[in-house]
Amino acid sequence: MQTISAVEFRGKRVRLQGWVKSENVKGWGGLWMRVDGRHEHTLAFDNMSHRAIKGTTDWTQYHVVLDVDKAAESISFGTLLTETGALWIDDLDLSPVPTTVPTTELSLARTLPPRPVNLGFDD
């Protein structure tokens, strides 16, 4: 992973794109990108969890697209692998794209449960 200044990308839509090959991925893997404001407050985030790389795959192009707020301070990006297996990454590119390209931002409302679960610690 790496973190860069967001100054050049403020007010723009940005795509992290690259080629990924996987082998025996248990759990899941993918590209990820996070846009942070002051004090590392997250402004936008996607880790491909809702379109994850699993198992064994040939070289496939993947992308993450986020809007970079005018108050953004930094952009962090990289790859992740939640369990075992291997990912190979090639030809990564981080570039502005037109706003006609849809974002892939991970919506917390979509991924969080609607109410508390397992409050008795039974599972």
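Residues numbered from 1 in each chain as written. Predicted model: local features only at pLDDT ≥ 70, side-chain atom pairs only at ≥ 80, totals over all residues. Heavy atoms only, no water.

A word on the overall build of the protein chain
Part 1 of the argument: Across its full length, the protein chain holds one helix and six strands.
Part 2 of the argument: Going residue by residue from the N terminus, the α and β elements of the protein chain occur as β-β-β-β-β-β-α.
Part 3 of the argument: C-alpha extents for the protein chain along the principal axes are approximately 45 × 40 × 25 Å.
Part 4 of the argument: Relative to its full complement of 123 residues, the protein chain shows a buried share of 33%.
Part 5 of the argument: Long-range pairs, those at least 24 residues apart, make up 83% of the contacts in the protein chain between residues at least 6 apart in sequence.
Part 6 of the argument: For the protein chain, the exposed surface amounts to about 7,700 Å²; the carbon and sulfur share of it is 50%.
Part 7 of the argument: Across the protein chain, 13 positive and 16 negative side-chain charges occur, with their mean positions spaced 5 Å apart. (Helix = DSSP H or I, 4+ residues; strand = E, 2+ residues; numbered from the N terminus. Buried < 20%, exposed > 50% of the residue type's maximum accessible area, 1.4 Å probe, protein only. Contact = heavy atoms within 4.5 Å. Areas by Shrake-Rupley, 256 points an atom, 1.4 Å probe, with all protein chains shown as cover. Lys, Arg positive; Asp, Glu negative; His and termini not counted. Charge placed at Lys NZ, Arg CZ, Asp CG, Glu CD.)

A look at unusual backbone geometry
Part 1 of the argument: A positive phi angle, near 55°, is found at Glu40, a position not held by glycine.
Part 2 of the argument: Within the fold, Glu40 resides in the loop between strand S2 (13-36) and strand S3 (42-46).
Part 3 of the argument: Given a relative accessible area of 67%, Glu40 falls into the exposed group.
Part 4 of the argument: Despite not being glycine, Met48 shows a phi value in the positive range, around 65°.
Part 5 of the argument: Tracing the backbone through its elements, the reader meets Met48 in the loop between S3 and strand S4 (53-67).

Such coordinate-based values are descriptive only and should not be taken to indicate function.
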